[in-house]
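Take a look at the letters that make up each chain.
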Amino acid sequence: MQKDADAHIPNYPNLPSKLICLLLNVTLHADAETDEVYAQMTLQPVTNYDKEALLASDLALKSNKPPPDFFCKTLTASDTSTHGGFSVPRRAAEKIFPALDFNMQPPAQELIARDLHDNAWTFRHIYRGQPKRHLLTTGWSLFVSGKRLFAGDSVLFIRDEKQQLLLGIRRANKQATNISSSVLSSDSMHIGILAAAAHAAANNSPFTVFYNPRASPSEFVVPLAKYYKAVYSNQVSLGMRFRMMFETEESGTRRYMGTITGISDLDPVRWKNSQWRNLQVGWDESTAGERRNRVSLWDIEPVAAPFFICPPPFFRSKRPRQPGIPGTFLFSAFSAN
């Protein structure tokens, strides 16, 4: 929800504050108006699991399906001008695009890339200039105007497992609030997630989540390994210093420093011990005023403050051993609020 608490949220007494799920499927979609990408996830609640079997399936999944090659670039004023083209970093062009024929003068080819609406965009890829560089020329201005792109937005090119060239965009943060018609920004949709999760937990059936981290106040679908690492490796306390990563206006990232000022349940009646945004925090910089004053344990990176720059071995703290969890297989710690 976009609010910290809402008295109109229905109560689901049989729904736990955290629901461990197996990720059955995920597909990407793009908002028809803004092109913002969001995920449609199918989650299957699990009551117990076989660690060895899941670990084996995780390794098999990794070996059978290598991650796709991609590159992402934040657009400059030159990239979005009507008279120029899109300058592609050399390594990115060589990694993602088909090889150019350097016997041609100048080397050039036609590229076809598809967006998530299955629209095909055709670009001329040429290697020219002094110094020589890779450029997308013919077709690029049409793409920029068609998508209403501005400097600060980002463009993503992906070469998938079928060797198809896929194309996506990411708006700068200042435009992210334009997500209005999407189901993701609707409070009623978020309440619907609660109802679906409650039914799935009671009947051991799968349910669907539409998810966009940029439109949500905090992550509510979290990899299980990330959750366990945060809970069992980080001993938080009042006054503890931490870092937290945020996106910047230019679609980059930056770490902000803060201090834990309180530890309490966000909703102790309905979601006791949920650990969902149970850390009250204060931020160092005045410019961080728009940052939320409550965060989740798995969102932060604790900062140790040792008395020694390099403490000797007998001063180093011994962290409790992390229980055996499949390291990267995606589960979710689901917080209903």
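Before going into details, it helps to say that this report is about the structure given with it. Keep in mind the model is a prediction, meaning the values are calculated, not measured.

What counts, and at which threshold
- Throughout, a residue's number is its position along its own chain's written sequence, starting from 1.
- Residues qualify for local features only when their pLDDT is at least 70, as the model is predicted, and side-chain atom pairs are given and counted only at 80 or more; totals for whole chains, interfaces and linings, by contrast, use all residues.
- Side-chain numbers come from the whole structure's heavy atoms, not from hydrogens or water.
- Each helix is a run of DSSP H or I of at least 4 residues and each strand a run of E of at least 2, with the numbering of both proceeding from the N terminus.
- In this scheme, a residue with accessible area under 20% of its type's maximum is buried, one over 50% is exposed, and one in between is partly exposed, where area comes from a 1.4 Å probe on protein chains only.
- Note that accessible areas follow from Shrake-Rupley with a 1.4 Å probe, and for residues the cover is restricted to the protein chains shown.
- Take a side-chain nitrogen of Lys or Arg and a carboxyl oxygen of Asp or Glu: if they are within 4 Å of each other, that pair is a salt bridge.
- At least two bridges found by DSSP between two strands are what make those strands a pair.
- Any Phe, Tyr or Trp ring, taking Trp's six-membered ring, that has another such ring centre within 6.5 Å forms a pair; planes under 30 degrees apart are called stacked, those over 60 apart edge-to-face, and the others tilted.
- Note that patches include only residues with greater than 30% relative accessible area and no salt bridge, and the join distances are 9 Å for like charges and 5 Å for nonpolar side chains (Val, Leu, Ile, Met, Phe, Trp, Tyr).
- Whether two residues touch is decided by their heavy atoms; if any such pair falls within 4.5 Å, the residues are in contact.
- The arc under discussion is defined with respect to the helix axis, by the directions toward the C-beta atoms.

### Points about the overall build of the protein chain
(1) Moving on: A tally of regular secondary structure across the protein chain gives five helices and 16 strands.
(2) Moving on: The buried share of the protein chain, reckoned over its 337 residues, is 41%.
(3) Moving on: Summing over all exposed atoms, the protein chain offers an accessible surface of approximately 19,000 Å²; the carbon and sulfur share of this is 55%.

### Topic: the pattern of salt bridges
(1) Moving on: Counted according to the given criterion, the structure contains 10 salt bridges.
(2) Moving on: Here arginine 241 makes a salt bridge to aspartate 284, at a shortest N to O gap of 2.6 Å. Taken together, the residues span a long stretch of sequence, with arginine 241 in strand E11 (residues 241-247) and aspartate 284 in the loop between strand E13 (279-283) and strand E14 (294-295) at a distance of 43 residues.
(3) Moving on: The closest approach of N and O atoms between glutamate 301 and arginine 255, which form a salt bridge, is 3.4 Å. Taken as a pair, glutamate 301 in strand E15 (residues 301-302) and arginine 255 in strand E12 (residues 253-263) lie far apart in primary sequence, 46 residues in all.
(4) Moving on: A residue is classified by how much of its surface remains accessible, and glutamate 301, at 34% relative accessible area, is partly exposed.
(5) Moving on: The network of salt bridges with shared partners includes Asp35, Asp115 and Lys147.

### So, the pairing of strand E10 (residues 207-211)
(1) Moving on: Only one face of E10 is covered, namely the face carrying Phe207, Val209 and Tyr211; the face carrying Thr208 and Phe210 is uncovered.
(2) Moving on: In this structure, strand E2 (residues 37-45) lies alongside E10, joined through five bridges in antiparallel fashion. Paired with alanine 39 across the bridge in E10 is tyrosine 211.

### Considerations on the packing of aromatic side chains
(1) Moving on: If you walk through the whole model with that rule in mind, you get 17 aromatic pairs.
(2) Moving on: Here the aromatic rings of tryptophan 121 and phenylalanine 143 are separated by 5.0 Å at their centres, their planes lie at 80 degrees, and the arrangement is edge-to-face. Linking tryptophan 121 in strand E6 (residues 120-128) with phenylalanine 143 in helix H3 (residues 140-147), this pair joins segments that are 22 residues apart in sequence.
(3) Moving on: Phenylalanine 143 gets classed as buried once you look at its relative accessible area, which sits at 0%.
(4) Moving on: An angle of 70 degrees between the planes, with centres 5.5 Å apart, marks the rings of phenylalanine 242 and tryptophan 283 as edge-to-face. On the criterion of sequence distance, the pair formed by phenylalanine 242 in strand E11 and tryptophan 283 in strand E13 is long-range, its members being 41 residues apart.
(5) Moving on: Here tryptophan 283 falls in the buried class, since its relative accessible area comes to 16%.

### Considerations on a nonpolar patch on the surface
(1) Moving on: A grouping of Val26, Leu28 and Leu116 is seen on the molecular surface, where their side chains present a nonpolar patch of about 260 Å² in accessible area.
(2) Moving on: Along the chain, leucine 28 turns up in strand E1 (residues 20-30).

### Remarks on the environment of isoleucine 158
(1) Moving on: Following the sequence through the fold, isoleucine 158 ends up in strand E8 (residues 154-159).
(2) Moving on: Accessibility expressed as a relative area gives 22% for isoleucine 158, which makes it partly exposed.
(3) Moving on: Separated by 61 residues in the primary sequence, isoleucine 158 and phenylalanine 97 have C-alpha atoms spaced 9.4 Å apart.
(4) Moving on: In this structure isoleucine 158 touches Pro68, Asp69, Phe70, Gln164, Leu165 and Leu166, once residues within four positions along its chain are discounted.

### Focus: helix H5 (residues 224-233)
(1) Moving on: Here H5 lies mainly inside the structure; seven of its 10 residues are buried.
(2) Moving on: Here H5 has its buried residues at Leu224, Ala225, Tyr227, Tyr228, Ala230, Val231 and Ser233.

### Thoughts on unusual backbone geometry
(1) Moving on: Cis rather than trans, the peptide bond between glutamine 105 and proline 106 has omega equal to -5 degrees.
(2) Moving on: Secondary-structure assignment places proline 106 in the loop between helix H2 (90-96) and strand E5 (108-114).
(3) Moving on: Cis geometry marks the peptide bond from glutamine 130 to proline 131, where omega comes out at -5 degrees.
(4) Moving on: Tracing the chain through its elements places proline 131 in the loop between E6 and strand E7 (133-136).
(5) Moving on: At aspartate 118, a residue that is not glycine, the phi angle is positive and equals roughly 65 degrees.
(6) Moving on: Mapping aspartate 118 onto the fold places it in the loop between E5 and E6.
(7) Moving on: Backbone geometry at glutamine 275 places phi at a positive 65 degrees, although glycine is not the residue there.
(8) Moving on: Its place among the elements puts glutamine 275 in the loop between E12 and E13.

### Re the side chain of asparagine 278
(1) Moving on: Structurally, asparagine 278 can be placed in the loop between E12 and E13.
(2) Moving on: Classification of asparagine 278 by relative accessible area gives buried; the value is 12%.
(3) Moving on: When residues no more than four places from it in sequence are discounted, the contact partners of asparagine 278 are Gly262, Ile263, Ser264, Asp265, Arg294, Val295 and Leu297.

### Observations concerning H3
(1) Moving on: Buried within H3 we find Trp140, Phe143, Val144 and Lys147. Seen along its axis, H3 keeps its buried residues to an arc of 100 degrees; they face one direction. Across H3 from its buried face, at more than 90 degrees, point the exposed residues Leu142 and Ser145.
(2) Moving on: On its buried face, H3 sits against strand E4 (86-88), E6, E7, E8 and strand E9 (165-170).
(3) Moving on: Backbone geometry just downstream of H3 places arginine 148 in the positive-phi region, at approximately 55 degrees.

The quantities given are spatial measurements derived from coordinates; they are silent on function.
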